[in-house]
Amino acid sequence: MNIASNLILTEAKRCDLVQQADVVLEHLSAMAQEITTQLDPAAIFQALNLYLHELVSADSFLVYLLDPNTLSLNLAFGVDADKPLAPHRIALADSTSHAARCVRERRNLAIDAPRFGGQDHGLCSPTYSSALFFPLRVGNNVLGVMSIQSRQPHAFGDREQGIFQLLCAYGAIALDNAATHGQLKESLTILREAMDEKLELEHANQKLREASLTDSLTGLRNRRFLHEHLDGDIRACLRRYDKCLNDRSRGLPDEADLLFFMVDIDHFKEVNDNHGHAAGDRVLVQLAERLREVSRHSDYLVRWGGEEFLIVARSANRATAAQLAERIRTAVADRDFVLGDGLKVAITCSVGFSCFPHLPADPHLLSWVATVGLADQALYRAKIDGRNACRDAYSATPDLSVSVARQAAPSYDTLNFHI
């Protein structure tokens, strides 16, 4: 009967131990999943503290992190009797600290009352009788030390040390992940700031670039812009003409021409003389707006100098040049210009225009600079004919044959078109 009773008691104890072990394993599994997915050190410390008190009876829990720059241990988390501990630092060389010794020797320390003696900077109270100091290790790297302490002697046996060892392992992995994530986040922040600075610099440079290519008064492009951008349009135009001339069956290309319109305000000096330069500036700004109204977004609008403007119609058809010139003229003449203080004035303009290539049968005969020179000559003809008129380069030079154009080309190309 006694034997049977003993067997029953033994089996009951075994079942109880198995059940306790299952509970411990369940807690450890949940803890591992929660802690190792955390990237915030504060959340890691709170989770460790929570699961520790569920698995081990301890009065205090402390986590020190190693600062390699100062060779010291900084209290990152600490509670004693459920009350937070004040932050403090322990020198790694402190011979009185079990925490420092644990890190220096890179091994677990289990301390009981008979081994205490003197002051220990890693203990919450000199009245504590039991303590564990285990290093937080990831590979060969020591991150710091974790400690649990108790007022009870011999409080941490093999079971408690085994559980605490797992807590330290999971905690070290989680803290290392958090540190790596923090470094990556900091690097990304630095990179993002550098990229923002680069974009700001590029934007500033672009604004400066735009300013160097733009007339400050009217917002139109300037000569520098035309000299930097027109060569690509010229090459594209000549390629299309060369292709058609090499294959006569194609005929001449449509909308492959560049049309140059030189526009000059008539009697502009009188506006400045009679109303002042501020009024003259208002006229220039309003003229720029009217040129925008009759131009396409893809066209180049350039303030050529003073009261003279150049419009370059891209990918156009020379057959429409006269019609476009008349639209420009009427856009200026049909509406009064506002000078301010209720004063309005009627203003007209003269337009001279030419087409590139000047001679479709010989597209390489004249450069675009020479073609602009022809438009300027046509403008001069419009001025002679009484102003408020449009003239084209062909009517201005009606006898311009291929041979004459070839002779004229050098003189046109040397025209003084400064940027």
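Use the structure listed above.
Reading the values: rules and limits
- Residues numbered from 1 in each chain as written.
- Predicted model: local features only at pLDDT ≥ 70, side-chain atom pairs only at ≥ 80, totals over all residues.
- Heavy atoms only, no water.
- Core = buried A, V, L, I, M, F, W, Y, C linked by side-chain atoms within 4.5 Å.
- Buried < 20%, exposed > 50% of the residue type's maximum accessible area, 1.4 Å probe, protein only.
- Contact = heavy atoms within 4.5 Å.
- Helix = DSSP H or I, 4+ residues; strand = E, 2+ residues; numbered from the N terminus.
- Polar contact = N/O pair within 3.5 Å; in protein donor to acceptor, adjacent residues only side chain to side chain.
- Phe/Tyr/Trp six-rings, centres within 6.5 Å; stacked < 30°, edge-to-face > 60°.
- Axes fitted to C-alpha atoms, helices over the stretch in contact; angles between N-to-C directions.
- Parallel < 35°, antiparallel > 145°, perpendicular 65-115°, else oblique.
- Nonpolar A, V, L, I, M, F, W, Y, C, P; charged D, E, K, R; others polar.
- Salt bridge = Lys/Arg side-chain N within 4 Å of Asp/Glu carboxyl O.

A.B. asks: Would you mind showing me how to read the nonpolar core here?
C.D. replies: The nonpolar side chains of a soluble globular protein tend to be buried, and buried together. With 32 residues, the main nonpolar core has Phe261, Ile265, Val283, Phe309, Ile328 and Val351 as its most contacted residues. When near neighbours in sequence (up to four residues on either side) are disregarded, Ile265 contacts Val283, Leu284, Leu287, Glu307, Phe309, Ile347, Thr348, Cys349 and Lys383.

A.B. asks: Would you explain helix α3 (residues 98–105) in this entry?
C.D. replies: Count 3.6 residues to each turn of an α-helix, and residues three or four apart come out pointing the same way. The complete set of buried residues in α3 reads His98, Ala99, Ala100, Cys102 and Val103. Check the buried side of α3 and you find it contacts β1 (60–67), β2 (72–80), β4 (89–91), β5 (109–112), β6 (130–138) and β7 (141–150). Between the side-chain oxygen of the N-cap and the backbone nitrogen of Ala99 there are 3.2 Å, and the N-cap of α3 in question is Ser97. Remark: Arg106 follows α3 within two positions and exhibits a positive phi of approximately 55°.

A.B. asks: So what exactly am I meant to see when it comes to the packing of aromatic side chains here?
C.D. replies: The geometry of two aromatic rings is summed up by the distance between their centres and the angle between their planes. All chains considered together, the criterion is met by 5 aromatic pairs. Taken together, a centroid distance of 5.8 Å and an interplanar angle of 25° make the contact between Phe45 and Phe77 stacked. Remark: Phe77 occurs in strand β2 and Phe45 occurs in helix α2 (residues 41–55); sequence separation between them is 32 residues. Between Phe134 and Phe164 the ring centres are 5.1 Å apart and the planes differ by 50°, which places this aromatic pair in the tilted class.

A.B. asks: Sorry if this is basic, but what is going on with the packing of α2 against helix α4 (residues 158–212) here?
C.D. replies: To describe two helices that pack against each other, one gives the angle between their axes and the distance between the axes. Orientation of α2 relative to α4, taken along the N-to-C sense of each, is 170°, at an axis distance of 10 Å. Judged by the inter-axis angle, α2 sits roughly antiparallel to α4. Every residue of α4 that contacts α2 at Pro41, Ile44, Phe45, Leu48, Leu52 and Leu55 is listed here: Arg159, Ile163, Phe164, Leu167, Gly171, Ala174, Leu175 and Ala178. Split into classes, the residues belonging to the contact of α2 with α4 amount to 12 nonpolar, 1 polar and 1 charged.

A.B. asks: Just to check I follow, could you spell out the pattern of salt bridges for this structure?
C.D. replies: Inspection of every chain in the model, using the stated rule, returns 18 salt bridges. Notably, a salt bridge pairs Glu105 with Arg101, separated by 3.3 Å at the nearest N-O pair. Here Glu105 and its partner Arg101 are both found in helix α3, 4 residues apart, which amounts to about one turn of the helix. Classification of Glu105 by relative accessible area gives partly exposed; the value is 38%. Given a relative accessible area of 27%, Arg101 falls into the partly exposed group. Residue Arg296 pairs with Asp299 through a salt bridge whose shortest N-O separation is 2.9 Å. Residue class for Arg296 comes out partly exposed when judged on its relative accessible area of 39%. Owing to a relative accessible area of 11%, Asp299 belongs among the buried residues under this scheme. Through salt bridges that share partners, Arg101, Glu105 and Arg107 make up one connected network.

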